Each structure stands twice: as structure tokens, then as C-alpha cells.
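Descriptive structure summary
Listed below, chain by chain, are the residues.
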Amino acid sequence: MADESEWSRLESAVIKSLRHFRDRYLQSSRNDRENPELQETHIGETATGGNILESLPVDMQFYIMSFLSPHDLCRLGSTCQYWHTVVHDPVLWRYFLLRDLPTWSFIDHNSMPDVEKISQPLAELDDDTLHDYMTEYLKSCPGCRRRLKPCRRGYAAVTSFLHSLVINTEPRLAMFGPGLEQLEVSLVRKMMHSPDVIPVAGFPQRQINGIGSGISFMLNNQQRFNILTLYSTTSKERERARVEQNNAPNKMFLQEGEGAAECPTARHRIIPQVQEVCRVVDGFIYVANAETDRSHEREEEFAQIQAMTASDLGSSNRPVLVLSCVSRAGTWRIPCIYMAHELHLNRLGRPWLVQDAEAETLNGLLNGIEWILEESGINV
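Read on for a plain summary of the structure.

About the cut-offs
- Residues numbered from 1 in each chain as written.
- Predicted model: local features only at pLDDT ≥ 70, side-chain atom pairs only at ≥ 80, totals over all residues.
- Heavy atoms only, no water.
- Axes fitted to C-alpha atoms, helices over the stretch in contact; angles between N-to-C directions.
- Helix = DSSP H or I, 4+ residues; strand = E, 2+ residues; numbered from the N terminus.
- Left-handed = near helix turned anticlockwise from the far one by under 90°.
- Contact = heavy atoms within 4.5 Å.
- Nonpolar A, V, L, I, M, F, W, Y, C, P; charged D, E, K, R; others polar.
- Patch = residues over 30% accessible without salt bridge, like charges linked within 9 Å, V, L, I, M, F, W, Y side chains within 5 Å.
- Areas by Shrake-Rupley, 256 points an atom, 1.4 Å probe, with all protein chains shown as cover.
- Salt bridge = Lys/Arg side-chain N within 4 Å of Asp/Glu carboxyl O.
- Pairing = 2+ DSSP bridges.
- Core = buried A, V, L, I, M, F, W, Y, C linked by side-chain atoms within 4.5 Å.
- Buried < 20%, exposed > 50% of the residue type's maximum accessible area, 1.4 Å probe, protein only.
- Phe/Tyr/Trp six-rings, centres within 6.5 Å; stacked < 30°, edge-to-face > 60°.

Observations concerning the packing of helix H6 (residues 90-100) against helix H8 (residues 133-140)
At a minimum axis distance of 8 Å, the contact between H6 and H8 shows a crossing angle of 35 degrees. Read as a crossing pair, H6 and H8 show a hand that is left-handed. Facing H6, whose interface residues are Pro90, Trp93, Arg94, Phe96, Leu97 and Asp100, H8 presents Tyr133, Met134, Glu136, Tyr137 and Leu138. The residue makeup of the contact of H6 with H8, split by class, is 8 nonpolar, no polar and 3 charged.

A few points about a nonpolar patch on the surface
Taken together, the side chains of Leu53, Met60, Tyr63, Ile64 and Phe67 present a nonpolar region at the surface, about 520 Å² in accessible area. If you trace the backbone, tyrosine 63 turns up in helix H3 (residues 58-65).

Quick notes on the sheet that holds strand S9 (residues 320-326)
Judged by pairing direction, the sheet is mixed, and its 8 strands sit side by side in the order S1-S10-S9-S8-S2-S5-S4-S3 without closing on themselves. Each edge of the sheet is formed by a strand with only one pairing partner; in this case those strands are strand S1 (106-108) and strand S3 (200-202). Recorded for the sheet is a direction-independent mean angle of 30 degrees between the axes of neighbouring strands. Note: strand S2 (residues 172-176) against strand S8 (residues 283-289), 4 bridges, orientation parallel.

Quick word on the nonpolar core
By size, the foremost hydrophobic cluster in this structure holds 68 residues, and its most contacted members are Met65 and Val354. Counting residues per element, this core draws most heavily on H6, which supplies 7 residues. The contact partners of methionine 65, leaving out residues within four places of it in the chain, are Leu18, Leu73, Leu76, Trp83, Val86, Val87, Leu92 and Phe96. Leu173, Met175, Phe225 and Cys325 belong to the second largest nonpolar core, which has 30 residues in total.

Quick notes on unusual backbone geometry
In this structure, asparagine 221 takes a positive phi of about 60 degrees despite not being glycine. Considering the arrangement of structural elements, one finds asparagine 221 in the loop between strand S4 (215-219) and strand S5 (223-229). The class for asparagine 221 is exposed, based on a relative accessible area of 67%. In this structure, leucine 362 takes a positive phi of about 65 degrees despite not being glycine. With respect to the helices and strands, leucine 362 occurs in the loop between strand S10 (352-358) and helix H17 (365-375).

Side note on the packing of aromatic side chains
The geometry of an aromatic ring pair is captured by the separation of the ring centres together with the interplanar angle, meaning the angle of the planes. As enumerated under the stated definition, the model contains 9 aromatic pairs in all. Between the aromatic rings of tyrosine 95 and phenylalanine 96, the centroid separation amounts to 5.7 Å while the plane-to-plane angle is 65 degrees, which identifies the pairing as edge-to-face. Here phenylalanine 96 falls in the buried class, since its relative accessible area comes to 2%. Taken together, the aromatic side chains of Phe62, Trp93, Tyr95, Phe96, Trp104 and Tyr137 make up a single cluster linked through ring pairs.

Shape descriptors only; they carry no functional weight alone.
Here you go:
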């Protein structure tokens, strides 16, 4: 994230860009006034007060725009040619993107912006290398995506009816990741003891190559789903590693050797019992530790996600939900967009979502569960 000096430089760049545009616009307006054919139009605009906002200092215009939502900015841009050009300034939207993206609570494979481009230092930017930050913002912002989402009420009614004619299956999800073991508050324990949020629906009696059947939960009092929790090692070793803030040895994976020079992370192979689980589940939930007070081995984590979702273990379309989890509210967290970038999720080649979550309150959990069930073909 940008520091205070970078923000000052960024704000100065926005004001400089807006001032440069307004100087050109005012010069063009003066030329228009000298044209007899356009004088009458100019008089009409002045009479209606059309230039009042335009006459404000650029610093004040920028200050006002900083309080507007993306939707309001786009509406402002439709009022006249001046504001249409102003609100399409790429430097302005680069500012909004860098300002707002750390506050977004989820990001997915369809909306992930190019972090390297938007984090490029201002000194390296010029008019020829400016990115379309406005399009990037509107594509990535959760509020804009909800507003632009097409309404298909009729289609939804038909699919709901057809879905009711099919036997409702219980999808199975494999849950793993360091966030299950490193956080002070146990996510699984809170899930099992929060019937007001996500009630337990049962403990199916089946075995998958020696691994238990997991726990069935109920979503919105209508859809059952099963979660098989895969821990890295024994409970005693996990607790010892959590207290010492170390990483417990992960016994689910076997390292096959060192990778190439351009990818130094050791390759991983899953033990046979876990391979069988990966073949039968409908999706994966990776619980990442999003707390900033400890170091993280994201390259190693990405290698493990790749191993679990390998194409030889099942369909390459099965979704991956990443719960970017902290223990409780108020804990400093890594923004979900940076979590997606650090875990190289764009290299997975399958649907994925990073959702902020809190273990103590389970905030964010249901949003993530709804997404992964929908991606798995379940109508929720």
C-alpha cells in the first residue's frame, strides 16, 4: 500500500492532470466565444449557471469528487462535455483505485485488477503508458459489480422450478490451509457452535480412504453441504506450532524436488488418502491467515493449492474459495486483493474468490459459502 509521501505525490499528480485539462478547456471556450455562431450557446449556458462548478478551483473540484461514489461520478460525467472529460481522467481513477481497493471485502477471478500496473510508481508513468483505470475500477469495485449485475428474475424462476424436480444432493467441500491452525480463534470450532449463523445438520457415517466424513451444515435453512476439514498434522503439533508462532510440518504433502530456476518453489504431491478426498469433492475452501503480525510463505501455500486442485485429481472447473481470515474484528489484516496477488490465484486457471472473514464472528463466511455452492452448480 502507498505511504503518506506517495499519497501526496498521487494527489498532486491528479490535481496537475485536472489543471492541465481545464487550461486546455478554457482556451477552447475562449476560442468558441470569439466565434459568432457559438456566442448565443455560450450566453445560454451562462444564464442557466452551467459553468458555476467549472469555475471552482481545481483543488476544490477534486475535493468534491473524492466524496462521490463511482456511480455518482459517472452521472456527473453525463452532464456536460467538461465533466465528461474530467471524470474520465485516468490519473483520477488511479487515485480512487489505490485508495479504495484495500477496503474491498472480496475479489474474484473475473474482477481481479492488475496489481503491478496500478502499483507502478508515478515517475514511470506518462501519457503513453497510462492504463484505463476507470474501467479497472468499475470492473473490480464490489458495489459497481452488484449494480451492473444483470437481473434475470424470469430465468431464475424457471431454474428454481427445474431445480426442485431434481434430487437435492449434498455437495462436499475440502477445507484446508494455515488459517485453520495458526489463528488464535478456531474457525472450525466457531462453525460447530454457531447455530444462529450456520447450524450443524449432521455427521454422515462414511469414510473416504480412511478419512472421516466431515460435518454437514445447513445454509439458509434449505441447503445442506458437507465440509471435510484437512489438517496438516496432529492436534498437539498444531497447538505447539500456534503457540510458538511456527509453521507445523505439513504431513499432507510430499515434496518431489526442486523446481526450475524461474520457479524455485518445491513441487508437491499429496498423500494417497488426501488424493481420494480431492477426487470426490465439489470444491475447495482454502483458509489463509490474513493477519499481518507474522510472516507468511505464500509461494509454499500456492504450491499446496496447486497440488490439491491438480487436474489429474478431478475437474479443472471446481471452484476455490479463499477465506482471508483473521481471528477477530479490529485485527490488522492483509487486504483481500493483495492476498489474491500474493497467492498467485490468477495462475490457477479455475474460478476463485477471496473473501474477508473473521473466525470469532464468522463474518464473511456465508457470503463465501454461497459463492462456492453457486459455482458448484447448486441453486442457493
